[in-house]
Amino acid sequence: MFDITIKNILANIWPMVLIITVILVSLRISYLIKTREKFRLYSEIFKLGFIIYIIGLFYVVTFQDVSWSTSNFIPFKEIMRYDLFSDMFFKNVIGNMIMFIPYGFFISYFLRIDKKRYVFILSLIASVTIEATQLIIGRVFDVDDILLNLLGAFVGYFIYRFLMKIKDKLPKFLTNEVFYNIVVIIIVGIICHYIYYILGGFNV
């Protein structure tokens with residue numbers, strides 16, 4: 001199910017992602033050359049990855065079909081009405097949690113967050129804004145989505161904290177920029193291959 005969802009998202013947002021990526025990369029390179037700031041590949045890709053994630057998030061919360069649902073202002077009402085491990089459970093419960101895991105990780109990484117209350121506040125602002133906007137544009141507001149988004153954000157935060165603790169115990173050669181860059185290049189290569197496979201499947 002998630003594979004199909006990711007395919008649908010990528011098939012619809014890739015033109016926007018391509019245009020924004022080219023524009024942002026060209027502007028960023030020009031800025032780095034002008035200011036002579038140190039270039040860190042892994043850091044730049046992380047920043048670009050966060051922007052692409054926001055584009056994907058925007059598509060999911062504003063364009064995906066929600067005709068099967070109605071607004072819900074009662075906590076846990078929607079969560080409890082789905083059969084465990086059913087398609088709707090994975091789509092509406094697990095999906096909403098997973099959707100915010102990258103958000104929790106990215107804000108923790110960029111802001112070097114070490115206190116959970118900051119994750120809670122920032123994620124709450126983002127999730128409530130999304131739900132309120134959906135209500136304004138004629139879609140649905142679901143308080144359970146906010147709860148699940150917060151849970152996902154905390155999972156992302158704990159992943160970040162876990163990686164930071166591991167980092168302190170790793171050999172020095174595994175914590176330098178060269179190693180980070182190699183890992184990021186491999187990950188980006190895998191992602192690009194996957195995207196190529198997806199777009200090819202959609203005959204884009």
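Coordinates for the structure precede this section.
Calculation rules
Residue numbers restart at each chain and count upward from 1, following the sequence in its written direction. Given that the model is predicted, a residue must reach a pLDDT of at least 70 before its local features are reported, and side-chain atom pairs must reach 80 or more before they are shown or counted; all residues, however, enter totals for whole chains, interfaces and linings. The basis for every side-chain value is the complete set of heavy atoms in the structure, and neither hydrogens nor water enter the calculation. Strands are runs of DSSP state E lasting at least 2 residues, helices are runs of H or I lasting at least 4, and numbering of each runs from the N terminus. Residue burial is assigned from relative accessible area. The probe radius is 1.4 Å, only protein chains are included, and a residue is buried under 20% of its type maximum, exposed over 50%, and partly exposed in between. In this text, buried Ala, Val, Leu, Ile, Met, Phe, Trp, Tyr and Cys residues form a nonpolar core when linked through side-chain atoms within 4.5 Å. Two rings from Phe, Tyr or Trp (for Trp, the six-membered ring) form a pair when their centres sit within 6.5 Å of each other. Planes less than 30 degrees apart are called stacked, planes more than 60 degrees apart edge-to-face, and all others tilted.

## Quick notes on unusual backbone geometry
What you tend to see is this: most non-glycine residues have negative phi, and most peptide bonds are trans. Even without glycine at this site, Arg36 takes up a positive phi of about 60°. A positive phi is found at Phe85, a non-glycine position, where the angle reads about 70°. Along the chain, the position of Phe85 falls in the loop between helix 3 (77–80) and helix 4 (87–99). By relative accessible area, Phe85 is classed as exposed at 58%.

## Quick word on the nonpolar core
Residues Ile13, Tyr53, Leu57, Met99, Phe100, Tyr103 and Val119 are the most contacted members of the largest nonpolar core, which totals 21 residues. Those elements that provide at least two residues to this core are helix 1 (2–35), helix 2 (41–63), helix 5 (101–111), helix 6 (116–136) and helix 7 (143–167). In terms of residue count, the dominant contributor to this core is helix 2 (six residues). Formed by six residues, the second largest nonpolar core is a distinct cluster that contains Tyr82, Phe89, Ile94 and Leu148.

## Focus: the packing of aromatic side chains
Describing an aromatic ring pair means giving the distance of the ring centres and the angle of the ring planes. For the coordinates displayed, the defined rule picks out 19 aromatic pairs. Considering the side-chain rings of Phe89 and Phe90, the 5.9 Å spacing of their centres and the 80° angle between planes classify their relative orientation as edge-to-face. When its relative accessible area of 11% is taken as the criterion, Phe89 is described as buried. Taking relative accessible area as the criterion, Phe90 reaches 27% and is therefore assigned partly exposed. Seen from their ring centres, Tyr109 and Phe110 are 5.2 Å apart, and the 70° between their planes marks the pair as edge-to-face. You can call Phe110 partly exposed: its relative accessible area is 31%. Through successive ring pairs, a cluster of aromatic residues spans Phe46, Phe50, Tyr53, Phe100, Tyr103, Phe105, Phe106, Tyr109, Phe110 and Tyr160.

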